[in-house]
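Here is what each chain is made of, one letter per residue.
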Amino acid sequence: MSKLQFELSRPIEEAASKIVGAQTASDIAEVLEVPTGQLLHILYAYPDDKKYISFDIKKKNGGFRQIKAAKRGLRALQGKLSPLLAEHYKLRNSVHGFVKNRSILTNAKQHKRKRYVLNIDLKNFYDHINFGRVRGLFMAKPFNMGDKAATVAAQICIFKNSLPQGASTSPIISNLIASELDRKLSHLGRKYKLTYTRYADDITFSSNNRDFPENIAYYNGSNPITSDCYAGKLLEDTVSSSGFTINHAKTRLQIRGVRQDVTGLTVNEFPNVPRSYVRNLRALMHAWSKFGPAQVENIFRQHYAKNKSRFIDDEKYYFKEALYGMLAFLKMVKGEDEVYLKLCLHAAELDTDPPETIKTMKEKYKMYDVFISHASEDKNSIARPIYDECQSKGLVAFLDEEEVSWGDSLTEILNHALGKSKLFLAVLSANSIDKKWPLREINTALARQIEGKQKFLPLLVGSPGMESLGLTSDLFYITWENNPTEIADKLVEARAKFT
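Reading the values: the criteria
Residues numbered from 1 in each chain as written. Predicted model: local features only at pLDDT ≥ 70, side-chain atom pairs only at ≥ 80, totals over all residues. Heavy atoms only, no water. Pairing = 2+ DSSP bridges. Helix = DSSP H or I, 4+ residues; strand = E, 2+ residues; numbered from the N terminus. Contact = heavy atoms within 4.5 Å. Axes fitted to C-alpha atoms, helices over the stretch in contact; angles between N-to-C directions. 1 Å grid on protein atoms, 1.4 Å probe; cavity = no way out; pocket = protein on both sides within 12 Å on 5 of 7 lines; lining within 4 Å. Points joined across faces, edges and corners; volume = space filled by probe spheres on them. Buried < 20%, exposed > 50% of the residue type's maximum accessible area, 1.4 Å probe, protein only. Core = buried A, V, L, I, M, F, W, Y, C linked by side-chain atoms within 4.5 Å. Arc of directions from axis to C-beta.

## A few points about the sheet that holds strand β13 (residues 421-428)
Thought 1: One open sheet holds the five strands; their spatial order is β12-β11-β13-β14-β15, and the pairing between them is parallel. Every other strand in the sheet has two partners, leaving β12 (397-398) and β15 (478-479) as the edge strands with one partner each.
Thought 2: Pairing analysis gives two bridges linking strand β11 (residues 368-373) to β12, with the strands arranged parallel. Its bridge partner lying in β12, Val370 is registered against Ala397.
Thought 3: The strands touched by helix α17 (residues 379-392) are β11, β12, β13 and β14 (455-460); relative to β11, the strand with the most contacts, the crossing angle is about 170 degrees.

Below, the structure written as structure tokens:
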């Protein structure tokens, strides 16, 4: 049996056109570029344990969600079929799950600053999509497959008569099946002046109307904060007529003035993560710092895994994967704000081999204790000895030759370092006071001192002419007497006072 390739050799658009009107298993095999016998063997001869691997992941509510991921042969078939189906999906404005350039963030943005936000959850969403529904999907427009081809295509996508959560075909199949539901709920939204969106099985309606329509949702009581919320009959009938069921335990109608959540993000003013999300990130990093990577990995595996088969590599740090995934999610929602940057820099301190994004962030936002400004003629005799002494005493010092690499922008790196340094050590010598770069750095640092953002510390070498340096003549200075250790000690004192 030949080894299956995971990608099609022909363009996606061409293959997607050929799947329309397929009549036989051989037609499906030809489109997916696999021998017919091998296709049928994978679908009908493979035992279940050769088709999928199952594991559990912990949900926010404390329960577990079972993930069924296809193994190699079936995974290759699904990976080829999925983009072909996506080519025939007509995306609606209301759909934000499993589609390009949309996410829980774009979903949440549709409902910010609203008087009412209604969340409903579709019960057992994937389980409601069975073999018959998927087979019927392929026999209808736009695929128009024959009975045999539709049966084979459905077998690729279905496992134990439901859509497996973890298969690459499941997201696009669920969106295709839910198209009729989206059409009906969008119609309800327009009729009652509501904003409607769906992210997978999470459905949201929001409104600035004075009253929320009771046939969509209502409170069982007069207090909207303490009363139970129920889906209205019209909404429930509409969902049921599309082949789905509302999970009434998760129905929530949130009013302005209390925290309104949409797919895990608060939307009262703008989409944001809950405060608990950042607290959890800080707690994870604290645990990492306290226990070390090996012990915290063991704690993570014991706490977050019901089925230990999920963790198949003993040398891998799944804890760090989860942590960096949480950081990436935070960036998607909040951007590179101060909270995100501080967490990234903390991670960079803890991890000896962080992802490239964290390494880049570390370099981009690295903080320095002292910027050593000097002329190149004074580098080896003065600047370098001071730098080495600073390093030995735990001071983070900036010396250009340590930070600038071939091809880097000198201006960009110097400006960044100047802006991220607490202290500015100006090596004032006959070599530096008339040079372009040192003078530019000195003038920038003096302006930052006036603004209270930096401490300017002049170091006099010999007897340079100070008249051209203006404000520096009024500052107390120390002199260079081949005393780098003494100067580094004074810089440690200055840092303590300026912090």
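## Some words on empty space enclosed by the protein
Thought 1: Inspection of every chain in the model, using the stated rule, returns one cavity of 30 Å³ or more.
Thought 2: Considered as a void within the structure, the largest cavity measures approximately 40 Å³ in volume.
Thought 3: For the largest cavity, the full set of lining residues is Leu414, Asn415, Leu418, Trp437, Arg440, Glu441 and Thr444.
Thought 4: At the level of secondary structure, the elements contributing two or more residues to the lining of the largest cavity comprise α19 (410-419) and α20 (436-450).
Thought 5: No other element matches the four residues that α20 contributes to the lining of the largest cavity.

## So, unusual backbone geometry
Thought 1: In this model, Lys141 is joined to Pro142 through a cis peptide bond whose omega is 5 degrees.
Thought 2: Relative to the assigned elements, Pro142 resides in the loop between α7 (131-139) and α8 (147-157).
Thought 3: The backbone phi angle of Arg113 is positive, close to 55 degrees, even though this residue is not glycine.
Thought 4: Among the secondary structure elements, Arg113 is positioned in the loop between α6 (104-109) and β3 (116-122).
Thought 5: Using a relative accessible area of 44% as the deciding quantity, one classes Arg113 as partly exposed.
Thought 6: Located in the positive-phi region is Lys160, a residue other than glycine, with phi close to 55 degrees.

## Section: the nonpolar core
Thought 1: One finds Ile28, Leu118, Phe138, Met145, Ile173 and Leu235 to be the most contacted residues of the largest nonpolar core, which totals 73 residues.
Thought 2: Broken down by element, this core gets its largest block of residues, seven residues, from α8.
Thought 3: Residues in contact with Leu235, not counting those within four places in the same chain, are Leu118, Ile120, Leu185, Leu188, Phe205, Asn215, Ile216 and Ile246.
Thought 4: Counting residues in each nonpolar core, the second largest holds 34 residues, with Ala108, Val278, Tyr318 and Tyr340 among its members.

## Things to note about helix α1 (residues 12-19)
Thought 1: Looking only at α1, the buried set comprises Ala15, Ala16 and Ile19. Angularly, the buried residues of α1 cover 100 degrees about the axis, an arc narrow enough to put them on a single face.
Thought 2: Packing partners of the buried residues in α1 comprise α2 (25-31) and α5 (72-86).
Thought 3: Positive backbone phi, approximately 80 degrees, marks Gly21, located one or two places after α1.

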